Amino acid sequence: MRRRTLLTGLAGLAGLTGIAGGLVAAGAGPAVALDRRQVLHVRPGESVQAAVDAVEGSGWTIVVHPGTYREVVNVPVGARELTLRGATRDPRDVVIVYDNANGTQKPDGSGTTYGTAGSATFTSAAPGLTVRDLTLANDWLRADHPEITGTQAVAAYVTGDRTRFSRVRLLAHQDTLFVDTSALEVFDRQYFSRCYIEGDVDFVFGRATAVFADCHFHTLQRDVAFTPKGMVFAPSTARANPHGILAVRSRITSGAEDAAYKLARPWVPSYETTAWPSLVVRDTRIGPGIDPVAPYTNMRDAYPWQSMRFAEFRNTGPGSVITVPENRPQLTPAEADLHTPAAYLGDWRPVRSF
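A.B. asks: For this particular structure, what's the right way to read the overall build of the protein chain?
C.D. replies: In terms of helices and strands, the protein chain carries 5 helices and 24 strands. Put simply, 66% of the contacts in the protein chain that link residues at least 6 apart link residues at least 24 apart. Roughly 14,700 Å² of accessible area belongs to the protein chain as shown, and the carbon and sulfur atoms make up 52% of that amount.

The structure is reproduced here in structure tokens:
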């Protein structure tokens, strides 16, 4: 759908109040309703991507009404300060879902696959993005595609500074949430509050400065004979960035047996071997699904987790018990003062409580 065609007639809406009737681009099925306050409404049978394509300039809000939207959504860098939200306060009411994986063949006949980032149901590069009150999911399943070895299937791939997710459910299996930056030397900041994130392998990963406050992480049951069955975090923080992933006042639960999961492993990508992964988990309840004896492991032996910036502070729950001190680096109170949402996000205050 072409942006200019969809917006034709906007000037004619100036005399209307409330929500205008749907405008449909020639040759396109989905309708998108607009009003004079830079608000777009999307309803079942319509397209979220069509609304994104209609955005021109900054400060728009897209309201998605209850329903399931089976599509890929890509927010470009030019859609600055965009808000994408569910029409109700219940994130279960609006579901945006698709089923591409890393190893899924693209339909263009090129023989190429989507890759990890390309598999995402939702992608955004827009600075100042706010997403709230909805669900982003990738329902691709390994069991349905035994021929595919690239099993990463991302629900959301996010770059762009000052990105905020609030009351969002992020559902997938491997690599659910990719918190990234647009370039190695860019330290994009992302803030997730009261979100629910589930998966199995490395399901929160990337190099962004990403703060998770009051979030719920849930490890899924996985039908494999080996342990660990997966890991919650896999940061790939740039060496020059003093701040990586921070989880605070959160909780970690599991659908698998006790000690089946690791808390984290470092990701040093082959294309960024200078990475120095950083993760701090603090003031968080860690359930029995996390191995308390050895909560960290390696992705590659050449980059041992002990050489990374991994630490905890004042966690509770059976998965947080310190049985082997050298396996659970702890911050001192003075060090913990350097690992707060305010310290990580700097001059950006997405909530007043900082």
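A.B. asks: Whenever I open this one, the nonpolar core confuses me. Can you help?
C.D. replies: Most often, soluble globular proteins have nonpolar side chains that are buried together. Core analysis: the largest hydrophobic core is formed by 61 residues, its most contacted members being Ile 62, Phe 122, Phe 165, Phe 212, Phe 217 and Phe 233. By residue number, the principal contributor to this core is helix 2 (residues 48-54), which donates 4 residues. Not counting the four nearest positions on each side in its chain, Phe 212 is found in contact with Leu 177, Val 179, Phe 192, Ile 197, Val 204, Phe 217, Ile 245, Leu 246, Ala 247, Val 248 and Ser 250. Core analysis: the second largest hydrophobic core is formed by 14 residues, Ala 311, Leu 331, Ala 336 and Leu 345 among them.

A.B. asks: Any chance you could explain the pattern of salt bridges here in plain terms?
C.D. replies: Under the defined criterion, the tally for this structure stands at 18 salt bridges. A salt bridge links Arg 207 to Glu 272, with the shortest nitrogen-to-oxygen separation between them at 1.9 Å. Placement of Arg 207 in the loop between strand 15 (204-206) and strand 16 (209-213) and of Glu 272 in the loop between strand 21 (261-264) and strand 22 (278-282) is noted, with a sequence separation of 65 residues between them. By relative accessible area, Arg 207 is classed as buried at 9%.

A.B. asks: Help me understand the sheet that holds strand 15, please; the structure alone is not making it clear to me.
C.D. replies: Strand order in this open sheet of 7 strands is 5-8-10-12-15-18-21, and the pairing throughout is parallel. The open sheet has two edge strands, strand 5 (73-75) and strand 21, and neither has a second partner. In this sheet, neighbouring strand axes are inclined to one another by 15 degrees on average, regardless of whether the strands run parallel or antiparallel. As defined by bridge partners, strand 10 (residues 156-158) adjoins strand 12 (residues 177-179) across 3 bridges and the pair is classed as parallel. Opposite Tyr 157, over in strand 12, you have Phe 178 as the bridge partner.

A.B. asks: How do you make sense of the packing of aromatic side chains when you look at a structure like this?
C.D. replies: Centre-to-centre distance and the angle between the planes together describe a pair of aromatic rings. A full pass over the atoms with the stated rule returns 12 aromatic pairs. Seen from their ring centres, Phe 122 and Phe 165 are 6.5 Å apart, and the 80 degrees between their planes marks the pair as edge-to-face. Here the residue Phe 122 occupies a position in strand 8 (residues 122-124), and Phe 165 occupies one in strand 11 (residues 163-171), the gap between them amounting to 43 residues. Across the pair, Phe 165 and Phe 122 agree in class, each one buried.

A.B. asks: So what exactly am I meant to see when it comes to the pairing of strand 14 (residues 196-199) here?
C.D. replies: For a regular strand, side-chain orientation follows a simple rule: the groups alternate between the two sheet faces. On strand 14, burial covers both faces: Tyr 196 and Glu 198 on one face and Ile 197 and Gly 199 on the other are all buried. Summarising the sheet, strand 11 and strand 14 pair through 3 bridges and their orientation is parallel. Counted as the bridge partner of Leu 171 is Glu 198 from strand 14. Bridge count between strand 14 and strand 17 (residues 216-219): 4 bridges; the pairing is parallel.

A.B. asks: I keep staring at the environment of Thr 332 and nothing clicks. Help me out?
C.D. replies: With respect to the secondary-structure elements, Thr 332 resides in the loop between strand 24 (309-313) and helix 4 (333-336). The sequence separation of Thr 332 and Arg 314 amounts to 18 residues, and the corresponding C-alpha distance is 9.6 Å.

A.B. asks: How should I be thinking about unusual backbone geometry in this particular structure?
C.D. replies: With the exception of glycine, the majority of residues adopt a negative phi angle, and the majority of peptide bonds are in the trans configuration. Cis geometry marks the peptide bond from Thr 227 to Pro 228; its omega dihedral reads 0 degrees. With respect to the helices, strands and loops of the structure, Pro 228 is situated in the loop between strand 17 and strand 18 (230-235). Even without being a glycine, Asp 214 presents a positive backbone phi close to 60 degrees. Positioned with a positive phi, Asp 283 is a non-glycine residue whose angle comes to about 50 degrees. Mapped onto the elements of the fold, Asp 283 is located in the loop between strand 22 and strand 23 (285-286). Asp 283 sits in the partly exposed class, given a relative accessible area of 24%.

A.B. asks: Any chance you could explain the state of the cysteines here in plain terms?
C.D. replies: Should the sulfur atoms of two cysteines be covalently bonded, the bond is a disulfide. Within this structure, the stated rule accounts for 0 disulfides. Free cysteine Cys 195: the closest other cysteine sulfur is in Cys 215, separated by 4.7 Å. Residue class for Cys 215 comes out buried when judged on its relative accessible area of 3%.

A.B. asks: Quick question: what am I supposed to make of the pairing of strand 19 (residues 245-248) here?
C.D. replies: The side-chain alternation of strand 19 yields two buried faces, one formed by Ile 245 and Ala 247 and the other by Leu 246 and Val 248. Sheet analysis places strand 16 next to strand 19, joined by 4 bridges and oriented parallel. In the sheet register, Phe 212 faces strand 19, and the bridge partner there is Ala 247. Bridging between strand 19 and strand 22 involves 4 bridges; their strand directions are parallel. Bridge pairing links Ile 245 to Leu 279 in strand 22.

Criteria and cut-off values
- Residues numbered from 1 in each chain as written.
- Predicted model: local features only at pLDDT ≥ 70, side-chain atom pairs only at ≥ 80, totals over all residues.
- Heavy atoms only, no water.
- Helix = DSSP H or I, 4+ residues; strand = E, 2+ residues; numbered from the N terminus.
- Contact = heavy atoms within 4.5 Å.
- Areas by Shrake-Rupley, 256 points an atom, 1.4 Å probe, with all protein chains shown as cover.
- Core = buried A, V, L, I, M, F, W, Y, C linked by side-chain atoms within 4.5 Å.
- Buried < 20%, exposed > 50% of the residue type's maximum accessible area, 1.4 Å probe, protein only.
- Salt bridge = Lys/Arg side-chain N within 4 Å of Asp/Glu carboxyl O.
- Pairing = 2+ DSSP bridges.
- Axes fitted to C-alpha atoms, helices over the stretch in contact; angles between N-to-C directions.
- Phe/Tyr/Trp six-rings, centres within 6.5 Å; stacked < 30°, edge-to-face > 60°.
- Disulfide = S-S within 2.5 Å.

In short, shape yes, function no, at least from these values alone.
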